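Observations on chain architecture
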Amino acid sequence: EAMRAAWLERLREVALNRYPDPGARRLVQGLRRYLSLPEDQGLLLGNGSDELIQMILMSVAGEGRTVLAPEPTFVMYRLIAEVLGLEYVPVPLGEDFALDGAAMLEAIRRRDPEVVFLAYPNNPTGNLFDREVVEAVLEAATGLVVIDEAYSAFATDSFLPELGRWPNLLVLRTLSKTGLAGLRLGMLLGPPQWLEEIDKVRLPYNINVLTQVSAAFALEHAEVLEDQCARIRADRERLHAALAALEGVQVWPSQANFLLFRVPRGQGRAVFAGLRSRGVLIKAFGNGPLADCLRVTVGTPEENTRFLSALRETLRALGSVETAHTS
Ligand SMILES: *Cc1c(COP(=O)(O)O)cnc(C)c1O
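Described in the following lines is the structure provided in the data block. All values derive from a computational prediction rather than experimental measurement.

Okay, the sheet that holds strand β5 (residues 144-148) next. With mixed pairing, the seven strands of this open sheet are ordered in space as β1-β7-β6-β5-β4-β2-β3. Two strands close off the open sheet at either side, each with one partner strand: β1 (42-46) and β3 (87-92). Between one strand axis and the next, the sheet turns by 25 degrees as a mean value, whatever way the strands run. In this structure, β1 lies alongside strand β7 (residues 186-190), joined through five bridges in antiparallel fashion.

Structure follows, in structure tokens:
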């Protein structure tokens, strides 16, 4: 409550009748300090990292240009690429959603993509790709390689300290998954030579005054958000253990703030509906590599408990239907 009051006090001083600082300089300084960004690396802000993905792709779009990413991954890469007329090349992930090094390198060699996107950890599978395979991709690609670290607060590894080691490495971050999705603030980090070119397609006032002031305030209280992320990481492991203990449920390890799990064959849709009818809405996936998979975001301890009991009830109800059919 004290923090909320101080935050509102700060917002009270904002001049809503004025345009924001187009360079958001105060916020950029705070973020550079917070991330310990080296002097020789640049930082570009976006209205969420979605906007930065759009800016990256707008800056390379053109006849015959391609974008490459593993599949399944974050859907916005494909969506924005196709809207901009770029060709999207998906490369299937391997066993347990590992990055298929040989397939990636072969596709990069054949298609020579302008941009490769790697979500690290990956969404919706939650895993961190093998670092050596990611490094091989950075070596092989002649275009940009964007390591999208939307879930860095929940992961044990990052490519941020590697900035500058490869000339084509860009790292994408966001405040969204650390509890501030409504602010819409994403960060693109990397060599200034690239960022200056990408900055040319940015609309001048993409970061509004309320976001500039709020994000700067949040940085001054970063430990509150960090504590919350630590709590979510601990709860994620508890939730993982509870899911793993359920008969017929397969759950994958996660370095993000969600868990991906699979229910018995053909029951994905019914489990989704059963959960929803019990007041729990999570993400379900259609046919393909994620058939019968669902993704649940780690919530408050109360929400996690409610989700687990709704899932147990749903599975029990479906199990009894199945038993009735077979008997
Ligand atoms: C959520 C997400 C984003 C988008 O984040 P915003 O900053 O809210 O636009 C980008 N990449 C990945 C992998 C995500 O999961």
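To continue, consider the packing of helix α2 (residues 25-35) against helix α8 (residues 209-220). Contact geometry of α2 with α8 gives a least axis separation of 9 Å together with a crossing angle of 30 degrees. Taken together, the axes of α2 and α8 lie roughly parallel to each other. Of the two elements, α2 crosses α8, and the hand of that crossing is left-handed. Here α2 contributes Arg-26, Leu-27, Gly-30, Leu-31 and Tyr-34 to the contact with α8, which in turn contributes Gln-212, Ala-215, Ala-216, Leu-219 and Glu-220. Its residues assigned to classes, the contact of α2 with α8 comprises six nonpolar, two polar and two charged.

Surrounding the ligand, one finds 14 residues, the nearest of these being Ser-49, Asp-148, Thr-174, Ser-176 and Lys-177. Between the ligand and Asn-123 there is a distance of 2.9 Å, counted from an oxygen atom to a side-chain nitrogen or oxygen. Note that an oxygen atom of the ligand is positioned 3.0 Å from one of the side-chain N or O atoms of Tyr-151. Split by residue class, the shell around the ligand holds five nonpolar, five polar and four charged.

Counting 53 residues, the largest nonpolar core has Leu-27, Leu-45, Val-116, Leu-118, Val-134 and Ile-147 as its most contacted members. Here this core gets five residues from one element, more than from any other, and that element is α8. The contact partners of Val-134, leaving out residues within four places of it in the chain, are Leu-99, Leu-118, Tyr-120, Phe-129, Ile-147 and Phe-159. Ala-150, Val-251, Leu-315 and Leu-318 belong to the second largest nonpolar core, which has 29 residues in total.

In terms of burial, strand β9 (residues 258-262) is a largely internal element, four of the five residues being buried. Bridge analysis of strand β8 (residues 250-251) against β9 gives two bridges, and the strand direction is antiparallel. Bridging from a neighbouring strand, Val-251 pairs with Phe-261 of β9. Connecting the antiparallel pair β8 and β9 is a turn made up of six residues. The pairing of β9 with strand β11 (residues 293-297) spans five bridges and is antiparallel. Looking at the pairing, Arg-262 lines up with Cys-293 of β11.

Moving on: unusual backbone geometry. Residue Pro-121 is reached from Tyr-120 by a cis peptide bond, and omega for that bond is 0 degrees. If you trace the backbone, Pro-121 turns up in the loop between β4 (115-119) and α6 (131-140). We note that Arg-184 has phi near 60 degrees; this positive angle belongs to a residue other than glycine. The topology assignment puts Arg-184 in the loop between β6 (169-174) and β7. Given a relative accessible area of 30%, Arg-184 falls into the partly exposed group.

This part takes up the side chain of Ser-254. Structurally, Ser-254 can be placed in the loop between β8 and β9. Side-chain polar atoms of Ser-254 contact the backbone nitrogen of Ala-256, separated by 2.9 Å. In terms of polar contacts, Ser-254 uses its side chain to reach the backbone carbonyl oxygen of Phe-258, at 2.6 Å. The residues contacting Ser-254, other than those within four sequence positions of it, are Gly-126, Arg-236, Glu-237 and Leu-259.

Turning to the pattern of salt bridges, a few remarks are in order. Opposite charge on two side chains permits them to pair, given that their charged atoms come into close proximity. One pass over the structure, following the stated rule, counts 23 salt bridges. Between Asp-199 and Arg-202 there is a salt bridge; the shortest N-O distance is 2.7 Å. Given the relative accessible area of 18%, Arg-202 is considered buried. Taken together, the shared-partner salt bridges connect Arg-131, Glu-135, Asp-157, Glu-162 and Arg-165 into one network.

Thresholds applied
All chains use their own residue numbering, which begins from 1 and follows the written sequence. Restriction of local features to residues with pLDDT of at least 70 applies here, the model being predicted, together with a cutoff of 80 or more for giving and counting side-chain atom pairs; totals for whole chains, interfaces and linings are based on all residues. To get the side-chain values, take all heavy atoms of the structure and skip hydrogens and water. Strands qualify as paired when DSSP identifies two bridges or more between them. Each helix is a run of DSSP H or I of at least 4 residues and each strand a run of E of at least 2, with the numbering of both proceeding from the N terminus. For helices, the fitted axis covers only the stretch in contact; all axes are lines through C-alpha atoms, and the angles between them, taken along N-to-C directions, range from 0 to 180 degrees. Angles are sorted into four bins: roughly parallel if under 35 degrees, roughly antiparallel if over 145, roughly perpendicular if 65 to 115, and oblique for all others. Crossings are classed by handedness, with left-handed meaning an anticlockwise turn of the near helix from the far one by less than a right angle and right-handed meaning a clockwise turn. Whether two residues are in contact is decided by their heavy atoms: any pair within 4.5 Å suffices. Residues are grouped as follows: Ala, Val, Leu, Ile, Met, Phe, Trp, Tyr, Cys and Pro are nonpolar; Asp, Glu, Lys and Arg are charged; every other residue, Gly included, is polar. Near residues are defined by distance, with any heavy atom within 4 Å of the molecule or strand qualifying the residue. N or O atoms within 3.5 Å of each other form a polar contact, as long as, within protein, one can give a hydrogen and the other can take it, and as long as residues adjacent in sequence are counted only when both atoms are side-chain atoms. We define the nonpolar core as a collection of buried residues of types Ala, Val, Leu, Ile, Met, Phe, Trp, Tyr and Cys that are connected through side-chain atoms lying within 4.5 Å of one another. Note on exposure labels: buried denotes an accessible area under 20% of the residue type's maximum, exposed denotes more than 50%, and partly exposed covers the range between, all computed with a 1.4 Å probe on protein chains only. By salt bridge we mean one thing: a side-chain nitrogen of Lys or Arg within 4 Å of a carboxyl oxygen of Asp or Glu.

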